[in-house]
Amino acid sequence: MTADDDLTPRHRRLLFRALHRGTKECDLMLGGFVQRHLATLSQSELDELEAILEMPDVDLTDWLSGRRPIPAEARGPLLERITAEMSLPGAGRPGYAR
(Lines give C-alpha, C1' and ligand atoms only; values in the text may rest on other atoms or scores of the structure.)
Protein backbone atom coordinates (compact mmCIF):
# COMPACT_ATOMS: atom_id res chain seq x y z
CA MET A 1 0.00 0.00 0.00
CA THR A 2 1.39 3.31 -0.94
CA ALA A 3 -0.05 6.12 1.17
CA ASP A 4 -0.88 5.88 4.85
CA ASP A 5 -4.24 7.49 4.06
CA ASP A 6 -5.16 4.40 2.02
CA LEU A 7 -4.50 2.04 4.93
CA THR A 8 -7.11 0.64 7.27
CA PRO A 9 -6.35 0.98 10.98
CA ARG A 10 -5.39 -2.71 11.07
CA HIS A 11 -2.99 -2.31 8.13
CA ARG A 12 -1.44 0.82 9.67
CA ARG A 13 -0.91 -0.98 12.98
CA LEU A 14 0.66 -4.03 11.32
CA LEU A 15 2.96 -1.90 9.18
CA PHE A 16 4.10 0.15 12.16
CA ARG A 17 4.78 -2.95 14.24
CA ALA A 18 6.70 -4.61 11.38
CA LEU A 19 8.88 -1.54 10.88
CA HIS A 20 9.55 -0.92 14.58
CA ARG A 21 10.57 -4.32 15.89
CA GLY A 22 13.46 -3.22 18.03
CA THR A 23 16.33 -4.57 15.97
CA LYS A 24 17.43 -3.00 12.70
CA GLU A 25 17.85 -6.36 10.99
CA CYS A 26 14.30 -7.45 11.72
CA ASP A 27 12.93 -4.00 10.84
CA LEU A 28 14.58 -4.28 7.42
CA MET A 29 13.64 -7.88 6.68
CA LEU A 30 10.14 -8.14 8.12
CA GLY A 31 9.21 -4.48 7.75
CA GLY A 32 10.42 -4.37 4.17
CA PHE A 33 8.39 -7.45 3.27
CA VAL A 34 5.28 -6.00 4.88
CA GLN A 35 5.74 -2.68 3.07
CA ARG A 36 6.01 -4.47 -0.27
CA HIS A 37 3.14 -6.95 0.20
CA LEU A 38 0.67 -5.55 2.75
CA ALA A 39 -1.86 -4.52 0.09
CA THR A 40 -2.08 -8.06 -1.30
CA LEU A 41 -2.24 -10.06 1.94
CA SER A 42 -5.45 -11.99 2.54
CA GLN A 43 -7.31 -11.88 5.84
CA SER A 44 -5.77 -15.21 6.88
CA GLU A 45 -2.31 -13.89 6.00
CA LEU A 46 -2.99 -10.75 8.06
CA ASP A 47 -3.94 -13.04 10.96
CA GLU A 48 -0.70 -14.97 10.51
CA LEU A 49 1.25 -11.71 10.30
CA GLU A 50 -0.19 -10.67 13.65
CA ALA A 51 1.06 -13.95 15.13
CA ILE A 52 4.50 -13.46 13.52
CA LEU A 53 4.73 -10.00 15.05
CA GLU A 54 4.36 -11.57 18.50
CA MET A 55 7.46 -13.74 17.95
CA PRO A 56 10.79 -12.66 19.50
CA ASP A 57 13.09 -10.60 17.27
CA VAL A 58 16.05 -12.84 17.93
CA ASP A 59 14.16 -15.89 16.60
CA LEU A 60 12.69 -14.05 13.61
CA THR A 61 16.06 -12.62 12.63
CA ASP A 62 17.67 -16.05 12.79
CA TRP A 63 14.87 -17.70 10.79
CA LEU A 64 14.61 -14.97 8.16
CA SER A 65 18.38 -14.82 7.67
CA GLY A 66 18.65 -18.59 7.40
CA ARG A 67 20.86 -18.96 10.48
CA ARG A 68 18.39 -21.38 12.02
CA PRO A 69 15.50 -23.34 10.51
CA ILE A 70 11.97 -22.35 11.47
CA PRO A 71 10.71 -24.84 14.07
CA ALA A 72 7.56 -26.78 13.18
CA GLU A 73 5.47 -25.04 15.85
CA ALA A 74 6.24 -21.60 14.36
CA ARG A 75 6.08 -22.55 10.69
CA GLY A 76 3.25 -21.19 8.55
CA PRO A 77 2.67 -20.30 4.90
CA LEU A 78 3.35 -16.58 5.33
CA LEU A 79 6.49 -17.06 7.41
CA GLU A 80 7.73 -19.56 4.82
CA ARG A 81 7.00 -17.00 2.07
CA ILE A 82 8.85 -14.24 3.92
CA THR A 83 11.81 -16.55 4.54
CA ALA A 84 11.91 -17.57 0.87
CA GLU A 85 11.96 -13.93 -0.22
CA MET A 86 14.68 -13.09 2.31
CA SER A 87 16.89 -15.80 0.79
CA LEU A 88 17.00 -13.91 -2.53
CA PRO A 89 20.04 -11.73 -3.31
CA GLY A 90 19.61 -8.20 -1.94
CA ALA A 91 16.51 -8.99 0.10
CA GLY A 92 16.26 -7.13 3.36
CA ARG A 93 18.25 -4.17 2.10
CA PRO A 94 16.65 -0.74 1.97
CA GLY A 95 15.21 -0.10 -1.47
CA TYR A 96 14.89 -3.80 -2.31
CA ALA A 97 12.04 -4.29 -4.77
CA ARG A 98 10.63 -7.56 -5.89
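Residues numbered from 1 in each chain as written. Predicted model: local features only at pLDDT ≥ 70, side-chain atom pairs only at ≥ 80, totals over all residues. Heavy atoms only, no water.

## Side note on the environment of S44
- Among the secondary structure elements, S44 is positioned in helix α3 (residues 43-52).
- On the accessibility criterion, S44 (52% relative accessible area) is exposed.
- As a C-alpha pair, S44 and L78 span 34 residues in sequence and 9.3 Å in three-dimensional space.
- Polar side-chain contacts of S44 include one of 3.1 Å to the side chain of S42. (Helix = DSSP H or I, 4+ residues; strand = E, 2+ residues; numbered from the N terminus. Buried < 20%, exposed > 50% of the residue type's maximum accessible area, 1.4 Å probe, protein only. Polar contact = N/O pair within 3.5 Å; in protein donor to acceptor, adjacent residues only side chain to side chain.)

## Regarding the packing of helix α1 (residues 9-19) against α3
- The geometry of α1 relative to α3 is characterised by a closest axis approach of 11 Å and an angle of 40 degrees between their N-to-C directions. Relative to α3, α1 is oriented oblique. Helix-helix and strand crossings are classified by hand; for α1 and α3 the assignment is left-handed. Residue-level inspection shows R10, H11, R13, L14 and R17 of α1 in contact with α3, the latter providing Q43, L46, D47, L49 and E50. (Axes fitted to C-alpha atoms, helices over the stretch in contact; angles between N-to-C directions. Parallel < 35°, antiparallel > 145°, perpendicular 65-115°, else oblique. Left-handed = near helix turned anticlockwise from the far one by under 90°. Contact = heavy atoms within 4.5 Å.)

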